[in-house]
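Observations on chain architecture
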Amino acid sequence: MIKSELNTLQKQIKALTACSYLVGLLNVLLIAIPFWHYYKIDFRVGLDMYFLWVTVLNILGFYLAYLVASKLLYYKKKHTHFSGKL
C-alpha cells in the first residue's frame, strides 16, 4: 500500500467516525422519542402505527450503526497494519 492510499484510508476513517457519531445520535433519538410520546399520552398503552414505525426505524438505525462500526473497525485495523509497514 502506498502513501496516497493510506491518506485516502485516513480520510475514510475520519468520515466514518463522524458518521458513527451521527448514527449514534439517531439511535438515541429513536429510543427517546417513544418514551416522550408515551409520556405525552399519559402512559396509556397504545400499539399503533407510530409504535410500529419507530420500532422499524430503531431496528434499521441499529443495523446501520453496526455496518458503520464494522467498516470503521476494518479501516482502522487496515490503516494500523499498513502504516507500520511503510
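Preceding block: the structure.
Residue numbers run consecutively from 1 along every chain, following the written order of its sequence. pLDDT decides what is reported in this predicted model: residues at 70 or higher carry local features, side-chain atom pairs at 80 or more are listed and counted, and totals for whole chains, interfaces and linings draw on all residues regardless. Side-chain calculation: all heavy atoms of the structure are included, whereas hydrogens and water are not.

Let's shift gears to the overall build of the protein chain. Numbering of helices and strands runs from the N terminus; a helix is a DSSP stretch of H or I covering at least four residues, while a strand is a stretch of E covering at least two. Along the protein chain, the regular secondary structure elements total two helices and zero strands. For a compact globule of 86 residues, the expected C-alpha radius of gyration is about 12 Å, and the protein chain comes in at 19 Å, more than 25% above that figure. With 86 residues in all, the protein chain has 20% of them scored as buried. Long-range pairs, those at least 24 residues apart, make up 81% of the contacts in the protein chain with a sequence separation of at least 6. Put simply, the radius of gyration uses C-alpha atoms, and a globule should come to 2.2 Å times the residue count raised to 0.38. When a residue's accessible area, from a 1.4 Å probe over protein chains only, is under 20% of the maximum for its type it is buried; when over 50% it is exposed; and in between it is partly exposed. Throughout, a contact is declared for two residues whenever any of their heavy atoms are within 4.5 Å.

Further remarks concern the side chain of His79. Along the chain, the position of His79 falls in helix α2 (residues 49-83). Setting aside residues up to four positions removed in sequence, His79 forms contacts with Leu6, Leu9, Gln10 and Ile13.

Attention shifts here to α2. Taking 1.5 Å as the rise per residue, α2 with 35 residues should run 51 Å; its terminal C-alpha atoms sit 50 Å apart, in good agreement. Every buried residue of α2 is listed here: Val54, Asn58, Gly61, Val68, Leu72, Tyr75 and His79. Contacts from the buried residues of α2 go to α1 (3-40). To estimate the expected span of a helix, count its residues, drop one, and scale the result by 1.5 Å.

In this structure, Leu6, Leu9, Ile13, Leu16, Val23, Val68, Leu72 and Tyr75 together form the largest nonpolar core, which totals eight residues. Among the secondary structure elements, those contributing two or more residues to this core are α1 and α2. In terms of residues, this core owes the most to one element, α1, which gives five residues. Setting aside chain neighbours within four positions, we find Val68 in contact with Leu16, Cys19, Ser20 and Val23. We call a set of buried residues a nonpolar core when its members are Ala, Val, Leu, Ile, Met, Phe, Trp, Tyr or Cys and they connect through side-chain atoms within 4.5 Å of each other.

The pairing test for Phe, Tyr and Trp rings, Trp by its six-membered ring, is centres within 6.5 Å, and the orientation test on the planes gives stacked under 30 degrees, edge-to-face over 60, and tilted for anything in between. Per the counting criterion, the structure on display carries two aromatic pairs. On the basis of an interplanar angle of 35° and a centroid distance of 6.3 Å, the ring pair of Tyr63 and Tyr66 is categorised as tilted. In this pair, Tyr63 and Tyr66 both sit in helix α2, three residues apart, roughly one turn of the helix. Note on Tyr66: relative accessible area 53%, which makes it exposed.

Next up on the list: a nonpolar patch on the surface. A patch consists of residues whose relative accessible area exceeds 30% and which take part in no salt bridge; residues with like charges are grouped when within 9 Å of each other, and nonpolar side chains (Val, Leu, Ile, Met, Phe, Trp, Tyr) when within 5 Å. Note on areas: these come from Shrake-Rupley sampling with a 1.4 Å probe, and a residue is covered only by the protein chains present in the view. Note on definitions: salt bridges are taken to be side-chain nitrogens of Lys or Arg within 4 Å of carboxyl oxygens of Asp or Glu. Together, Met49, Leu52, Trp53, Val56, Leu57 and Leu60 make up an exposed nonpolar region whose accessible area comes to about 600 Å². Mapped onto the fold, Val56 is located in helix α2. For Val56, a relative accessible area of 35% gives the class partly exposed.

On to the packing of α1 against α2. An axis is simply a line fitted to the C-alpha atoms; with a helix, the fit covers only the stretch in contact. Between two such axes, the angle follows the N-to-C directions and lies from 0 to 180 degrees. Where α1 contacts α2, the axes come no closer than 8 Å and their chain directions differ by 155°. One way to sum up the angle between α1 and α2 is to call them roughly antiparallel. Note on packing geometry: the crossing formed by α1 with α2 is left-handed. Residues are grouped as follows: nonpolar covers Ala, Val, Leu, Ile, Met, Phe, Trp, Tyr, Cys and Pro; charged covers Asp, Glu, Lys and Arg; every other residue, Gly included, is treated as polar. Looking at the contact of α1 with α2 residue by residue, the class counts come to 22 nonpolar, ten polar and three charged. In these notes the angle categories are as follows: under 35 degrees is roughly parallel, over 145 is roughly antiparallel, 65 to 115 is roughly perpendicular, and the rest is oblique. It is the rotation of the near helix from the far one that decides the hand of a crossing: anticlockwise by less than a right angle makes it left-handed, clockwise makes it right-handed.

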